[in-house]
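Residue strings, one per chain:
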Amino acid sequence: MVVDEAESRSGVRSRGKLWKEMLGPALVLTRREVKDSLRDWRIIVPILLLVTVFPFLANFAAARGLAFVNQYGARLLMERLFPFLMLVVGFFPSTFSLVIALETFVGEKERRSLEPLLATPFTDLQLYIGKLLASTIPPVLASYFGMVFYVLLLGFTVNWWPTFSLFAVGVVLATAQALVMVSAAVIVSAQSTSVRAANLLASFIIIPMAFLLQAEAALLLMGHYGSLWLLALALVVVNVLLLRMGVTVFNREHLLGREVDRIDFKGAWRTFWQAFWPRRGLGSLYLREIPGLIRAIGPEILFTLLVVFGGGVFVGVWGAAQFPLPLEVMDLSVLGDLESLEQAVETAGILPKFSTLAIFSNNVRSLILGGLLALFSLGTLAELLLLAPVAIIAYIAMLVPRLGIDPWGMLVAGVLPHGVFELSAAVLATAQAMRMGVIILRSPEKGGGVLGIVRELGHFVKLFIFLVLPFLLAAAWIEAEISTRLTIGFLSGL
Amino acid sequence: MIEIEGLTKQFEAILAVDQVNLKVAPGEVLALLGPNGAGKTTTVRMLSAILKPTAGRASVAGFDTVRDSLEVRRNVGVLTEAPGLYKRMSGHEYLDFFGEVRGLSKSKRRERILHLADWFRMADVLDRRLGEYSKGMMQKIALMRTLLHDPPVLLLDEPTSAMDPESARLVRDTILQMRDSQRSVIVCTHNLPEAEELADRIAVIRQGRIVVDGTPDELKLRLLGAPLMEVRFSRSSQNGVVKVVSQFVEVAASGDLWLRYRTGKPEEINPVVLRALLDAGLPVLSLSEVPRSLESVYLRVVSGEA
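Read on for a plain summary of the structure. None of these values were measured; they are calculated from a predicted model. (Residues numbered from 1 in each chain as written. Chains lettered and ligands numbered in written order. Predicted model: local features only at pLDDT ≥ 70, side-chain atom pairs only at ≥ 80, totals over all residues. Heavy atoms only, no water.)

**Points about the overall build of chain A**
- Tallying secondary structure elements over chain A gives 20 helices and 0 strands in all.
- Residues classed as buried in chain A amount to 48% of the 494 residues present.
- Summarising the internal contacts of chain A: among those between residues at least 6 apart in sequence, 83% fall at separations of at least 24. (Helix = DSSP H or I, 4+ residues; strand = E, 2+ residues; numbered from the N terminus. Buried < 20%, exposed > 50% of the residue type's maximum accessible area, 1.4 Å probe, protein only. Contact = heavy atoms within 4.5 Å.)

**Some remarks on the pairing of strand S3 (residues 28–33) of chain B**
Residues and elements named next belong to chain B.
- Burial analysis of S3 places 6 of its 6 residues in the buried class, the great majority of the element.
- Side chains Glu28, Leu30 and Leu32 project from S3 onto one buried face, and the interleaved Val29, Ala31 and Leu33 project onto a second face that is buried too.
- In this structure, S3 lies alongside strand S8 (residues 184–188), joined through 5 bridges in parallel fashion. Across the sheet, the residue bridging to Glu28 is Ser184, located in S8.
- Relative to strand S9 (residues 201–206), S3 is paired through 4 bridges, and the arrangement is parallel. The residue of S9 that forms the bridge with Ala31 is Ile202. (Pairing = 2+ DSSP bridges.)

**What about the interface of chain B and chain A?**
- On the side of chain A, 27 residues touch chain B, which itself brings 30 residues to the contact.
- Together, the buried faces of chain B and chain A total about 2,700 Å²; carbon and sulfur atoms form 55% of this surface.
- Remark: the boundary between chain B and chain A carries 7 salt bridges.
- Its salt-bridge partner being Glu253 of chain A, residue Lys9 of chain B comes within 2.2 Å of it at the nearest N-O pair.
- Only strand S1 (2–11), helix H2 (69–75) and helix H3 (91–101) of chain B provide two or more residues apiece to the side of chain B that touches chain A.
- Per-element accounting of the side of chain B that touches chain A gives the leading share, 6 residues, to H3 of chain B. (Buried area = accessible area lost by both parts, 1.4 Å probe. Salt bridge = Lys/Arg side-chain N within 4 Å of Asp/Glu carboxyl O.)

**Let's talk about the sheet that holds strand S10 (residues 209–214) of chain B**
Residue and element names in this part refer to chain B.
- Spatial ordering of the open sheet is given by S6-S7-S8-S3-S9-S10, a layout of 6 strands whose pairing is mixed. In this open sheet, the two strands that pair with only one neighbour each are strand S6 (76–79) and S10. For this sheet, the mean inter-axis angle between neighbouring strands, taken without regard to orientation, is 15°.
- Bridge count between S9 and S10: 5 bridges; the pairing is antiparallel. Counterpart to Val204 in the pairing with S10 is Val212.
- Set on the sheet, helix H5 (residues 135–147) makes contact with S6 and strand S7 (153–157); between it and S6 the angle comes to about 165°. (Axes fitted to C-alpha atoms, helices over the stretch in contact; angles between N-to-C directions.)

**Quick look at unusual backbone geometry**
Residues and elements named next belong to chain B.
- Its identity is not glycine, yet Arg121 carries a phi of approximately 55°, on the positive side.
- Structurally, Arg121 can be placed in the loop between helix H4 (106–119) and H5.
- For Arg121, a relative accessible area of 55% translates into the label exposed.
- Even without being glycine, Asp150 reaches a positive phi, approximately 55°.
- Among the secondary structure elements, Asp150 is positioned in the loop between H5 and S7.
- Judged by its relative accessible area of 39%, Asp150 falls in the partly exposed class.

**Overview of the nonpolar core**
- One finds Tyr150 of chain A together with Ile141 of chain B to be the most contacted residues of the largest nonpolar core, which totals 141 residues.
- Beyond its immediate stretch of four places on either side in the chain, Ile141 of chain B contacts Leu85, Gly91, Tyr94, Leu95, Met122, Leu126, Leu130 and Tyr133 of chain B.
- Leu285, Ile290, Val308 and Ala382 of chain A belong to the second-largest nonpolar core, a separate cluster that totals 35 residues. (Core = buried A, V, L, I, M, F, W, Y, C linked by side-chain atoms within 4.5 Å.)

Geometric descriptors of this kind do not, in isolation, establish any biological role.
Have a look at this one:
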């Protein structure tokens, strides 16, 4: 027992020593880089302006806005905007983490000051941690400062104070956003050899961040402050993934192995063609190649099923409980015959006409859009695009019992016949789109990089043309000709 | 000590270094010569454990460059092709940072920085920002960074580039001093007189392969033939001279006041020739080897003639 305790204590000590040995040199690098950033007026002046002048402006706008809406008794409107402005005040300085990260990783490579550093006894992990912290700490501290300054100003001028939870989630979001940008910048830097190329590739980071900010704005304006924690949790998960991939791609070999950005169009086309074109005729395509592709994306299929069905059903059920439609707008008379149903659909303007071609082209468009969006969002937007219709179906299924309709019967009659084909095709296409989106996180040695994306694009097109399209065509015909009639039959038989 | 066996590096379709074998003993300077893109920098990067070889192995200061990469980097001083300085830092801050990274104590760092600044005559400018330095001063700071931890192995890529003659002399003296204190040194350079002055051995790399390796004299003998000797006279006596010398060696060329012959054994032939000329009463002014530059050797090698 005594021995165990001693061993355990020495284990703790040695772990502590190991941690110090690992982190110590990384912090030396962090200190140098932070000092260097603070000496660059191109970084320091905008940050200073953003954390001093911008909170003043935000506070001024908030106070004026409040005075204006108070005239109409709409104080709530501005109270929803106050926390959003707090997040914006925190977000802008944190975006500098992206600028600093691109500069410190690829900029140093371009100025050729990286090689002397690589020749020192730093491990790859120490270099990564040192630079990651150096890119994150100054902008995040600036964010905190800006947010505190804004909140204090607002508190003293209009007497609005955020709850502790709201302020804490703002701090967590600002930190997580900065870390996401930095860790993504490492991956971008590893794919490029010049600041210019890295800046161009940074759109892969900026576009999802813009979507994120919009989502935050929507949640704040709707007053769903609690949901911001879910968003923060999602960001932490993304961070863990990006950090893990960053550790993989940030190595000496990678950083100095490539000297020029070279777009190998021939190689890219060869890779695409090899991935896309069937190797030994149609028999082999359907018996070997496509089953092989489906097996390869097994984890993505599982993830998609979990997110789309688990998440979709959850959102639908939650939506039906939170925002149920009033009974009077649920007019079932339109479902009496096919003509009235088609008329209603046309008037609504949000669903395709009940013809095979219209349904087919609508589904094809959606899945192609999902594929494209996946490229810019690490696959997440493709998942969300498929989650939406599942959530709508779940939402309707939760509401129809109030009209005396059996939801299971409606699902079996109206969704199942074509859904077998349509959902299978959609899940496969979305899973492959997900694979295409996340492959950028892998190093070229492990099948990632630009050629990895091209290869997965080839697989996406192959799966789409040879499997998804026939399934969608069958589904569209069944939906237009069978499901609609079955639904009407089911409803009129009530 | 540096030992390289079959070292190879492949970048996708490019074979940058191909089966390189070399040895550099303690107290030896090896000049690695070759045209741009021949594989010198890639070899140095593999020796400093920055890049991993695709095949083969290298041992530096007794450590394997792949297995013990951290130890290799601790024991090597690398002067990179470009100085690669942080221009917003002062010279002192820069050196202090690298000293700290290499685990030197604060007092040791201060001592080494002062010593090197004094040696390289940089003490007066160490507090200035590196961005204000001239190219030569930057190169000196980079060299100070390389020597800061007093490594047993030095890998120097173009150590005197951009330097004025006085500074270049200082750097060459430093390298010779390092050799005398039993360091193993590899110098990559395009400056052939410098290589000739510094190197105990010369290796020429072309398209990733070592094509020749030896001492400067061995290479000259192998590639340019036997040394050419020249006798000079104070007054004209051509016919008698040729007659006397021809008894021992074949005369390569002669003029009014001079005569040239080739010999692979100058230490045996020259005294005999000289004695015979003096015995014949000929007015000998001097006997010396006609200088043959390393450049001629190098050009023959890289053009593929050798």
